[in-house]
Amino acid sequence: MKKLFFVLAGAAFGLASAFAQQATGKTDLIISEYLEGSSYNKALELYNGTGQDVDLSAYKLVKEINGGGKFSELPLSGTLKAGATFVIANDQSNCAQAIRDLADLLESNKIMNFNGNDAVMLYKGDTKIDVVGSVDNWGMDVTLRRKCDKGPNAVYVPEEWEQLAKDDYSDLGKHCGVDLKAPEVDKILTKSGVNTSVEVYFTKEVTKASAETAANYAIEGLAVSAAVLGEGNKMVTLTTAAMTAGTQYTLVINNVEDASGNKMENVSVKFSFGYAEVADLAALNALRATYAVGQKYLVKGDLVITAIVGKNGSNQNTTNAWVQDKGCEQAMGHSMMLYYVNDLFPSTAKVGDVVSGLVGELTVYNDLIEMQYFDTTMIRFSGETAAVTIDDVTISDLKGANKLQYQNAMVRIKDVEFADTGSIVEANKSYNITDGNGTIAVRTNREGSYLGEKLPLTKTTVVGYVGYYNGNCQISPRTKEDLLGGSVANENRPAVEYAIYPNPTTGLLNVEVEGDFGVSVYSMGGTRLVRRENLAGKAQIDLSGLAEGMYLVEIRTAEGMVLSKVVVR
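Residues numbered from 1 in each chain as written. Predicted model: local features only at pLDDT ≥ 70, side-chain atom pairs only at ≥ 80, totals over all residues. Heavy atoms only, no water.

A. Quick look at the overall build of the protein. The helix and strand tally for the protein stands at six helices and 43 strands. The C-alpha atoms of the protein give 25 Å as radius of gyration, which agrees with the globular expectation for 569 residues (25 Å, within 12%). Expressed as lengths along the three principal axes of its C-alpha atoms, the size of the protein is roughly 70 × 60 × 50 Å. Counting the 569 residues in the protein, one finds 53% classified as buried. When contacts within the protein are restricted to residue pairs at least 6 apart in sequence, long-range pairs at least 24 apart make up 61% of them. As displayed, the protein has an accessible area near 23900 Å², and 47% of this comes from carbon and sulfur atoms. (Helix = DSSP H or I, 4+ residues; strand = E, 2+ residues; numbered from the N terminus. Rg over C-alpha atoms; globule rule 2.2 N^0.38 Å. Buried < 20%, exposed > 50% of the residue type's maximum accessible area, 1.4 Å probe, protein only. Contact = heavy atoms within 4.5 Å. Areas by Shrake-Rupley, 256 points an atom, 1.4 Å probe, with all protein chains shown as cover.)

B. Molecular detail of the sheet that holds strand β15 (residues 185-191). Taken together, the four strands give an open sheet; going across it, the order is β15-β16-β19-β18, and neighbouring strands pair in antiparallel fashion. Strands with a single pairing partner mark the edges of an open sheet, and in this sheet they are β15 and β18 (224-230). Strand after strand, the sheet turns through a mean of 20 degrees between neighbouring axes, direction not considered. One ladder, built from six bridges, connects β18 with strand β19 (residues 235-240); its direction is antiparallel. Of the residues in β19, the one forming a bridge with Gly230 is Met235. (Pairing = 2+ DSSP bridges. Axes fitted to C-alpha atoms, helices over the stretch in contact; angles between N-to-C directions.)

C. Molecular detail of unusual backbone geometry. Residues Gly151 and Pro152 are joined by a peptide bond in cis, for which omega reads 0 degrees. Within the secondary structure, Pro152 is located in the loop between β11 (142-146) and β12 (161-164). In this structure, the amide linkage connecting Tyr501 to the following residue, Pro502, adopts the cis form with an omega of -10 degrees. With respect to the secondary-structure elements, Pro502 resides in the loop between β39 (498-501) and β40 (508-523). Within the chain, Tyr340 stands out as a residue other than glycine whose phi angle is a positive 65 degrees. Judged by its relative accessible area of 38%, Tyr340 falls in the partly exposed class. The phi angle at Asp415 is positive, at roughly 55 degrees, despite the residue not being glycine. For Asp415, the position within the fold is in strand β34 (residues 410-418).

D. Highlighting the nonpolar core. Of all hydrophobic cores here, the largest spans 37 residues; its most connected members are Leu398, Ile413 and Ile433. Of all elements in the fold, only β26 (303-309), α5 (395-399), β34, β35 (430-434), β36 (439-443), β37 (460-469) and β38 (472-476) reach the threshold of two or more residues within this core. Setting aside residues no more than four positions away along its own chain, Ile413 makes contact with Val393, Ile395, Leu398, Ile433, Thr460, Thr461, Val462 and Ile475. One finds Leu61, Ile88, Met112 and Leu122 within the second-largest nonpolar core, a separate group that totals 31 residues. (Core = buried A, V, L, I, M, F, W, Y, C linked by side-chain atoms within 4.5 Å.)

E. Local environment of the state of the cysteines. In this structure the tally under the stated criterion is one disulfide. Paired by a disulfide, Cys148 and Cys176 hold their sulfur atoms 1.9 Å apart. Of this pair, Cys148 sits in the loop between β11 and β12 while Cys176 sits in the loop between β13 (174-175) and β14 (178-179); the two residues are 28 residues apart in sequence, bridging distant segments of the chain. The cysteine Cys328 is free of any disulfide, with Cys473 supplying the nearest cysteine sulfur at 17 Å. Looking at Cys473, the relative accessible area reads 5%, which means it is buried. (Disulfide = S-S within 2.5 Å.)

F. Structural context of the confidence of the model for the protein. When the pLDDT values of the protein are averaged, the result is 85; 90% of them are 70 or greater. Taken together, the stretch residues 1-22 has pLDDT below 50 and engages in 67 contacts with residues farther than four places along the chain or on a different chain. (pLDDT = per-residue confidence, 0-100.)

G. Structural context of the environment of Val135. Its location among the elements puts Val135 in the loop between β10 (127-132) and β11. C-alpha separation for the pair Val135 and Gly69, spaced 66 residues apart in sequence, amounts to 9.0 Å. Contacts of Val135, omitting those with residues within four sequence positions, involve Glu64, Gly67 and Asn117.

H. The sheet that holds β10, seen in detail. Sheet architecture is open: four strands sit in the order β5-β4-β9-β10, paired in antiparallel fashion. This sheet does not close on itself; its edge strands, each paired only once, are β5 (70-75) and β10. Mean inter-strand twist for the sheet, computed between neighbouring axes without regard to direction, equals 25 degrees. In this structure, strand β4 (residues 59-65) lies alongside β5, joined through six bridges in antiparallel fashion. Pairing of Lys60 across the sheet is with Pro75, part of β5.

I. Structural view of the packing of aromatic side chains. Per the stated rule, a full pass over the model turns up seven aromatic pairs. One aromatic cluster is present, built from ring pairs that chain together Tyr34, Phe114, Trp138 and Tyr156. Positioned over the ring face of Tyr123 is Lys60, at 5.7 Å from the centre of the ring. (Phe/Tyr/Trp six-rings, centres within 6.5 Å; stacked < 30°, edge-to-face > 60°. Lys NZ or Arg CZ within 6 Å of the ring centre and 35° of its normal.)

J. Structural view of the side chain of Asp353. Note on placement: Asp353 falls in strand β29 (residues 353-356). Using a relative accessible area of 9% as the deciding quantity, one classes Asp353 as buried. Side-chain polar atoms of Asp353 contact the backbone nitrogen of Lys350, separated by 3.1 Å. When neighbours within four sequence positions are excluded, Asp353 is seen to be in contact with Leu303, Val304, Ile305, Thr348, Phe381, Glu384 and Thr385. (Polar contact = N/O pair within 3.5 Å; in protein donor to acceptor, adjacent residues only side chain to side chain.)

K. Local environment of the pattern of salt bridges. Summed over all chains, the structure comprises 23 salt bridges. Among the salt bridges present, the one from Glu36 reaches Lys42, with a minimum N-O distance of 2.4 Å. The same class applies to Glu36 as to Lys42, namely buried. Across the pair Arg145 and Asp168 runs a salt bridge whose closest N-O atoms are separated by 3.7 Å. On the criterion of sequence distance, the pair formed by Arg145 in strand β11 and Asp168 in the loop between β12 and β13 is long-range, its members being 23 residues apart. (Salt bridge = Lys/Arg side-chain N within 4 Å of Asp/Glu carboxyl O.)

Next comes the structure, spelled out in structure tokens:
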């Protein structure tokens, strides 16, 4: 998961007096924006117009689940400066990362999974001070923006809100059109072998004059002699005195500002230079409670790829992978998730490939340990392949004392039954399985070859990598063979080379495949809506008769089958 270093922003000075009269003078914090967009594009914005800095630990957000009298809570923390906003977003928002980049807090389990009939309330202690929504379908597929002179109000009044189109996040992080949010530090990177250079990445564009003033940066124990702005005005390269490998440093930033004059003031971020070496993934897992934030770790041993999700034409922005120590006798404790390997792995990477020189940072997100922010110059693909170790387990094993150690491991559970037998397999959905002694969730991904298949009616075997959600293990199969029994997927069969465009489409969809092929289009529930056979090279598929929404396109060739999503508008 993306690691955010953030400090709540102070208000910009010199705002127009009309705005000051409307947006300040609030009796307390308000919910200033509500975004319920497509897929995971969900966000809330709080605004502090009280004129004083506010301790957020006195507040919490409460969601009424489906308007049914059940509630979930999200306590807040930190300090919200006078005149500033605080944005909470779903951690899986897919609007080209933009919503997540605007967020001060990312979460999805307690509040940020609302779907249009979940009222969200802001509490101070035990007192409800503000609310957006009611018990009916009041806020589906819409952005609501609080009018400048409204709120807080413990009763939802629709007239206090301006209604905008779905996925409109153009004003998120602002209130009443004024940018109130200072830039923040997204990440800090150093390069192998370059001990006098630090790359600082910001969450928004900064001005050249402020960013290239070396005096605006201070690193404890080091002199900063120069600063050069680059990469879309959101990254600066600092020239420093020589850093020592394995040492943690603290960077303090002052007076770096955006075009609206919002300044970073006394922003402090820790980072490490160089690599700390570990023998293997088992040693890396052992650092769960003691790893240094920002420290890069080099895994000295060879690794085997066990799963890749997001490759071969997938419409996912993020490609994640799972690896294990080569030659390990058990997957438990010897496995790791690699977050965002888009630039780390070539498109030809596959399960079973042996890699070395893995360098990246550790993080623990919702108790799930993972690696990210890789040094792409170190990774090596030897051309060798090796067997994937899969642990035979029971559901009790994944619910027992060792459940944290099973994270990211490849496992096999035999003789299980699905609770929803005969159901069509959908993307990003959980299905419960039982072995007679317990129940566990099987979670599908967006591109598995099982999409559109039916779950078995009899006992079967399920294979997958172990994830972690809300304190419980869950299994994610990679392919149809993993989910529905049969031989264990090796993904070594040739990929179907294809192109589909435009996507989204308003009617005609072009499909290009080398050689002969067939095409079927399914609803997300698995109903076949279009079928074309005996095609060759290129064909146009007419989808103009379908309702707006997302569909699965199945392309079949002699080499195999591939599924992709297409959006009809």
